Every structure is written in C-alpha cells, then in structure tokens.
Amino acid sequence: MSTILTIDLDALASNYRYCCEQVSPGTCAAVVKADGYGLGIRRVARALHHAGCRRFFTATHREGITLRSLLPDVEIFVLEGITPFNIDHVPEHRLVPVLINLQQARDWAELAAASAKPLPAIIKIDTGMTRLGFSECDLQTLAADASLIAQIDLRYVMTHFACAEDTSSTMPERQLERFGRLRALLPDAPTSIGNSAGSLRGPKLAGDLARVGIALFGGNPFGANGIPLRPVLKVQSHILQLREIKQETTVGYGATFRAKPGMKIATV
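Everything numeric here is computed off the predicted structure, so don't read it as measured data. (Residues numbered from 1 in each chain as written. Predicted model: local features only at pLDDT ≥ 70, side-chain atom pairs only at ≥ 80, totals over all residues. Heavy atoms only, no water.)

Undergrad: Looking at this structure, I do not really get the overall build of the protein. What am I missing?
TA: The secondary structure content of the protein amounts to 11 helices and 14 strands. With the C-alpha coordinates aligned to their principal axes, the bounding extent of the protein is approximately 75 × 40 × 35 Å. Sequence separation of at least 24 residues holds for 60% of the intrachain contacts in the protein that already meet a minimum separation of 6. Carbon and sulfur atoms make up 52% of the accessible area of the protein, which amounts to about 13600 Å² in all. The protein carries 29 positive and 25 negative side-chain charges, and their two centres are separated by 8 Å. (Helix = DSSP H or I, 4+ residues; strand = E, 2+ residues; numbered from the N terminus. Contact = heavy atoms within 4.5 Å. Areas by Shrake-Rupley, 256 points an atom, 1.4 Å probe, with all protein chains shown as cover. Lys, Arg positive; Asp, Glu negative; His and termini not counted. Charge placed at Lys NZ, Arg CZ, Asp CG, Glu CD.)

Below you can see the structure in the form of structure tokens.
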C-alpha cells in the first residue's frame with residue numbers, strides 16, 4: 001500500500017456553511033493563503049465558491065492573481081497590502097489591498113489620484129496582536145488628512161484577535177473596545193473582525209465580514225468537542241515496523257520519551 005493523502009472537499013464546504021451559520025449567512029470570507037493552507041488553492045477555492053463563498057482573503061497579490069484567474073466574479077482581499085512589487089498588479093486584477101500603515105495608504109491614494117477616482121481598500125487597525133496594522137498614532141495622522149482619506153474607497157475596517165480561542169480571556173473584549181474607539185476616527189464602514197476563533201463565538205466577535213481560515217479545514221480553535229467541524233485532510237500509510245516494548249526504553253531523537261513495558265510502537 002502506498003501513502004495516500006485524501007482531501008475531502010465536501011467536508012470543506014460543510015465547514016464553510018457551518019461557519020456562516022455562526023455569524024449569519026453571507027458574511028463569511030474564506031482565507032485561502034499559503035496555497036489554500038497547503039491543499040491547493042485551485043481545488044479549495046472552487047469548492048468554496050460552489051458552496052456559496054464570494055469573498056476571499058489571500059496573503060499575497062500573487063495568490064490573488066491566481067485566484068482571480070479561477071473566479072472572475074468574487075471579491076479578493078490581499079493581506080500584504082500595497083508594496084512596490086505589487087502596486088501595479090493589484091488594480092489590474094481587481095484585488096482589494098488591506099492597508100496596514102501610512103506609507104501604504106499614501107501610495108494607494110497617489111495611485112487613486114492618478115486614476116481620477118477613489119480606489120477600494122480595507123484599513124487594518126492593530127488593537128493588540130502587534131503584527132500588522134495601523135498604530136493609534138498613525139491612524140490619527142491618516143484620519144486628519146482629509147485629502148488622503150478621500151482617495152480611499154473604504155470597504156471595511158479590520159482588526160485581528162490575539163487570543164479569541166481562550167474563552168476565559170478578557171483580551172477580545174479589550175480589543176473590541178479599542179477597535180471601536182479607533183475606527184470612529186475613520187469614515188463609517190463595515191467591519192471585519194473575527195478570525196476562525198472569533199467568528200465561531202458569534203456575531204459580536206465576527207463583525208460584518210468574518211474571516212475564517214483554519215476552521216474551514218477542520219481545525220477546532222477551542223480544542224473541545226461539540227463543534228461539528230469535519231477534517232478535510234487525511235493521511236493513510238502502512239506500518240513498516242511494529243514493536244512491543246519488553247523493558248523501559250527511550251524513543252526518538254533526544255531520548256525525551258520513555259516507553260513503558262507492554263507499550264506497542266509503530267513506525268509508519
């Protein structure tokens with residue numbers, strides 16, 4: 001028997017529909033970065049589109065271009081925003097950048113001015129993840145520049161939770177409070193808040209457009225039973241060797257595990 005990797009696209013579609021139900025139908029975008037989480041963006045995106053998904057997030061503009069060639073009718077948001085390497089390609093392929101700092105906003109506004117029309121974008125605010133997004137200081141600078149803001153067709157205002165999977169943490173509430181205060185500096189626009197964990201906790205933590213990634217592929221962010229997410233990936237192979245341990249011994253690199261007598265160890 002050879003090693004077999006099985007990708008269950010029906011499970012993927014089922015997981016997408018379940019995530020939509022947790023927020024409300026039609027408000028879930030699928031995150032298909034890293035080549036559809038390694039399962040192939042072409043097959044993954046087509047299956048999600050067939051299940052009703054019309055909004056997608058990619059990490060890079062190159063992923064966005066690939067996705068656009070497959071699905072001409074969907075909205076595609078690019079998490080890397082605008083860079084010197086993609087600024088010409090993003091509008092050409094009708095991609096919407098997630099602007100993460102002042103320089104990106106200025107570059108996008110300059111391109112919009114040259115095009116004689118505002119260009120669509122998402123503005124991301126950092127509320128505690130400290131990864132990507134406008135700081136409070138930079139957001140205040142952006143908000144104070146009316147001519148710059150006027151060049152941005154603001155589709156969503158976005159943030160990202162640091163620990164929404166920890167239901168005992170108060171961090172999500174603190175982030176929501178900070179997000180609400182900071183987004184009030186910008187023109188009124190819908191919100192995109194929830195990652196997989198936030199979205200599965202309901203509409204309050206999802207916002208107007210939830211962004212689900214790992215949950216689509218069966219990853220339960222809460223590590224508990226009761227959430228009917230189905231695994232999308234299955235790997236099957238054959239056992240090369242089966243050993244029954246007769247006396248206590250170490251196993252593997254670093255000898256960090258000790259096997260007790262009676263244990264069986266399979267090498268796959």
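Here the narrative resumes, following the displayed structure.
Undergrad: Hey, could you run me through helix 6 (residues 102-115) in this one?
TA: With 14 residues, helix 6 should cover 20 Å at 1.5 Å per step; its first-to-last C-alpha distance of 20 Å lies within 8% of that length. Among the structural elements, helix 5 (89-92), strand 5 (96-99), strand 6 (119-124), helix 7 (136-144), helix 8 (146-149) and strand 7 (152-158) are those in contact with the buried residues of helix 6. Between a side-chain oxygen at the N-terminus of helix 6 and the backbone nitrogen of Gln103 the separation is 3.3 Å; the capping residue is Asn101. Ala116 sits one or two residues past helix 6 and shows a positive phi near 65°. (Expected span 1.5 Å × (residues − 1). Polar contact = N/O pair within 3.5 Å; in protein donor to acceptor, adjacent residues only side chain to side chain.)

Undergrad: I would appreciate a short explanation of the nonpolar core in the present structure.
TA: Within soluble globular proteins, side chains that are nonpolar tend to cluster in buried spots. Grouped together as the largest cluster of nonpolar side chains are 67 residues, with contacts concentrated most on Leu48, Phe56, Leu142 and Leu186. Ranked by the residues each element gives to this core, the list is headed by helix 1 (residues 9-23), at eight residues. In contact with Leu142, not counting residues within four places along its chain, are Leu102, Ala105, Ile123, Phe134, Leu148, Ile149 and Leu186. Counting residues in hydrophobic clusters, the runner-up holds 12 residues, among them Ala29, Val31, Phe57 and Leu209. (Core = buried A, V, L, I, M, F, W, Y, C linked by side-chain atoms within 4.5 Å. Buried < 20%, exposed > 50% of the residue type's maximum accessible area, 1.4 Å probe, protein only.)

Undergrad: How do you make sense of the packing of helix 6 against helix 7 when you look at a structure like this?
TA: In helix packing, the relevant descriptors are the interaxial angle and the interaxial distance, both defined with respect to the helix axes. One way to put it is that helix 6 packs onto helix 7 with a least axis distance of 10 Å and a crossing angle of 25°. As far as their axial angle goes, helix 7 and helix 6 are roughly parallel. Between helix 6 and helix 7, the residues in contact are Leu102, Ala105 and Arg106 and Asp138, Thr141 and Leu142, respectively. The class makeup of the residues in the contact of helix 6 with helix 7 is three nonpolar, one polar and two charged. (Axes fitted to C-alpha atoms, helices over the stretch in contact; angles between N-to-C directions. Parallel < 35°, antiparallel > 145°, perpendicular 65-115°, else oblique. Nonpolar A, V, L, I, M, F, W, Y, C, P; charged D, E, K, R; others polar.)

Undergrad: What is the right way to read the environment of Arg94 from this model?
TA: In this structure, Arg94 sits in the loop between helix 5 and strand 5. By relative accessible area, Arg94 is classed as partly exposed at 47%. Through-space distance from the C-alpha of Arg94 to that of Ile76 is 7.7 Å; in sequence the pair is 18 residues apart. Setting aside chain neighbours within four positions, we find Arg94 in contact with Arg68 and Pro72.

Undergrad: In this structure, what is going on with the packing of aromatic side chains? I would like to understand it.
TA: Given two aromatic rings, their pairing is described by the distance between the two centres and the angle made by the two planes. What the rule picks out here adds up to three aromatic pairs. Summarising the aromatic geometry, the rings of Phe57 and Phe77 are spaced 4.9 Å apart at their centres and angled 35° between planes, so their arrangement reads as tilted. Taken together, the positions of Phe57 in strand 3 (residues 55-58) and Phe77 in strand 4 (residues 75-78) put the pair 20 residues apart, joining distant regions of the chain. There is no split in this pair, since Phe57 and Phe77 are both buried. Plain terms: the ring middles of Phe77 and Tyr156 are 6.0 Å apart, the flat faces sit at 90° to each other, and that makes the pair edge-to-face. Of this pair, Phe77 sits in strand 4 while Tyr156 sits in strand 7, and the two are 79 residues apart along the sequence. (Phe/Tyr/Trp six-rings, centres within 6.5 Å; stacked < 30°, edge-to-face > 60°.)

Undergrad: Got a minute to help me understand the layout of surface pockets in this structure?
TA: A water-sized probe, rolled over the atoms, reveals where empty space remains. What the largest pocket holds in volume is close to 380 Å³. In terms of lining, the largest pocket is formed by 23 residues, of which the most central are Lys33, Tyr37, Arg131, His160 and Asn195. By residue class, the composition of the lining of the largest pocket is 13 nonpolar, four polar and six charged. If you add up the space inside the second largest pocket, you get close to 210 Å³. Every residue lining the second largest pocket is counted, 14 residues in all, and those nearest its centre are Arg94, Leu95, Val96, Pro120 and Arg155. (1 Å grid on protein atoms, 1.4 Å probe; cavity = no way out; pocket = protein on both sides within 12 Å on 5 of 7 lines; lining within 4 Å. Points joined across faces, edges and corners; volume = space filled by probe spheres on them.)

Undergrad: Explanation requested: the environment of Asp35 in the structure shown.
TA: Secondary-structure assignment places Asp35 in helix 2 (residues 33-37). The spatial distance from the C-alpha of Asp35 to the C-alpha of Ala59 is 9.4 Å, given a sequence separation of 24 residues. In this structure the side chain of Asp35 is engaged in a polar contact, spanning 2.9 Å, whose partner is the backbone nitrogen of Ile41.

Undergrad: Got a minute to help me understand the side chain of Gln175 in this structure?
TA: The residue Gln175 is located in helix 9 (residues 171-183) in this model. Given a relative accessible area of 1%, Gln175 falls into the buried group. Aside from chain neighbours lying at most four places away, what touches Gln175 is Thr127, Gly128, Met129, His160, Phe161 and Ala162.

Keep in mind these numbers describe shape, not what the thing actually does.
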